[in-house]
Amino acid sequence: MEERSLHNPVLLDEVIDFLNPAPGDIIIDATVGGGGHAEEILRRISPGGTLVGIDRDAESLKLAQERLNPFQDSFKPINKNFRDIRKILEEIKAGKVNGILFDLGISSIHLETAERGFSIKNAGPLDMRMDRSQGISAEDLVNDLSEIELSSLIRDFGEERFHRRIAGAIVAARAKRRIKTTAELAEIISSRVPYRYRRQRIHPATRAFQALRIRVNDELASMEDALRASPGVLKEGGRVCVISFHSLEDRIAKNVFKEFAAKGVLRILTKKILRPREDETLTNPRARSAKLRVAERIA
Ligand SMILES: C[S@@+](CC[C@H](N)C(=O)[O-])C[C@H]1O[C@@H](n2cnc3c(N)ncnc32)[C@H](O)[C@@H]1O
């Protein structure tokens with residue numbers, strides 16, 4: 001399950017080895033977030049290179065811009081959903097690129113800012129929208145979906161075996177009053193899962209929170225669209241790196257890469273997924289669930 005530190009971009013050495021950024025290159029960081037990977041890429045493509053830095057979260061992008069200010073001539077911030085990657089490149093007339101990075105999910109900025117509503121630990125409103133200009137929040141889903149819809153959502157996007165119990169608990173609680181905060185929801189879920197489950201390393205609400213977040217932000221469909229568009233925007237020899245944090249994302253990356261490899265468009269460079277080295281997980285326990293897949297455009 002995912003939690004990240006602003007100061008430690010996950011699998012940084014491995015991503016840099018695969019992308020091998022050189023002066024003059026054009027690279028897309030589709031998930032700029034705190035700008036950790038972006039900063040190292042910018043250092044290596046300067047002078048003369050361009051980093052197209054996408055993030056659908058305007059606030060994160062603004063912070064990244066401040067951090068990356070020393071590279072402002074090479075950094076092109078884009079506040080959009082990466083699922084429109086092809087259109088974004090056409091609009092800025094960037095041509096084909098040498099590399100693309102997807103470091104999926106939410107950032108430490110999201111987790112540490114209680115009012116964004118992603119965190120189980122920091123109580124805040126049940127929001128979870130990465131793009132706060134978009135409509136539906138987690139509060140809407142929790143209070144408006146039927147019990148069956150909630151149960152399927154928590155099963156499919158959270159891979160949570162107690163999905164029925166949790167959906168039942170939510171429906172019982174909201175009959176008394178609207179559920180509005182992350183703390184209320186976390187407590188409702190905790191109180192209904194078996195006792196031994198409450199004592200595991202991860203909070204018992206982690207999977208249900210993940211499910212809501214994925215649905216609020218339509219994360220899996222966005223990711224699949226973007227990955228399918230990626231080979232079309234890569235130069236021959238260009239590489240796409242995907243860092244995922246749960247099996248639903250990883251499965252999509254694996255299947256899309258396989259499909260394009262079978263068509264002779266991509267060559268898969270990570271026959272086995274790459275995981276962080278032990279020293280990284282020791283210094284950054286938040287990297288524990290990360291998986292990296294990389295493919296190269298061959299035709
Ligand atoms: C894990 S963080 C990236 C951290 C970054 N690599 C770093 O080193 O600081 C993921 C970022 O991707 C953004 N994001 C997630 N899905 C997105 C999408 N579909 N389109 C654009 N940005 C997205 C999130 O808002 C978040 O800021």
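Residues numbered from 1 in each chain as written. Predicted model: local features only at pLDDT ≥ 70, side-chain atom pairs only at ≥ 80, totals over all residues.

Looking now at the domain arrangement of the chain. The domain architecture assigned to the chain consists of domain 1 (12–109 + 219–297) and domain 2 (132–216). A straight line from the C-alpha centre of domain 1 to that of domain 2 covers 30 Å. Across the contact, six residues belong to domain 1 and five residues belong to domain 2. Among the secondary structure elements, those contributing two or more residues to the side of domain 1 that touches domain 2 are helix H12 (219–233) and helix H13 (247–262). Taken together, the residues of the side of domain 1 that touches domain 2 sort by class into three nonpolar, two polar and one charged. (Domains from an automatic or database assignment. Contact = placed C-beta atoms within 7 Å. Helix = DSSP H or I, 4+ residues; strand = E, 2+ residues; numbered from the N terminus. Nonpolar A, V, L, I, M, F, W, Y, C, P; charged D, E, K, R; others polar.)

So, on to the packing of helix H7 (residues 147–158) against helix H8 (residues 163–176). Interaxial distance between H7 and H8 falls to 8 Å at its minimum, and their mutual angle equals 140 degrees. By the angle class used here, H7 and H8 are oblique. By crossing handedness, the relation of H7 to H8 is classed as right-handed. Every residue of H8 that contacts H7 at Glu-147, Leu-150, Ser-151, Ile-154 and Arg-155 is listed here: His-163, Arg-164, Ile-166, Ala-167, Gly-168, Ile-170 and Val-171. Classifying every residue of the contact of H7 with H8 by side-chain character gives six nonpolar, three polar and three charged. (Axes fitted to C-alpha atoms, helices over the stretch in contact; angles between N-to-C directions. Parallel < 35°, antiparallel > 145°, perpendicular 65-115°, else oblique. Left-handed = near helix turned anticlockwise from the far one by under 90°.)

We now examine the environment of Ile-179. Relative to the assigned elements, Ile-179 resides in the loop between H8 and helix H9 (182–192). Expressed as a C-alpha distance, the spacing of Ile-179 and Val-142, which sit 37 residues apart in the sequence, is 7.3 Å. Excluding anything up to four places from it in sequence, Ile-179 contacts Leu-126, Val-142, Asn-143, Ile-170, Ala-173, Arg-174, Glu-184, Leu-185 and Ile-188.

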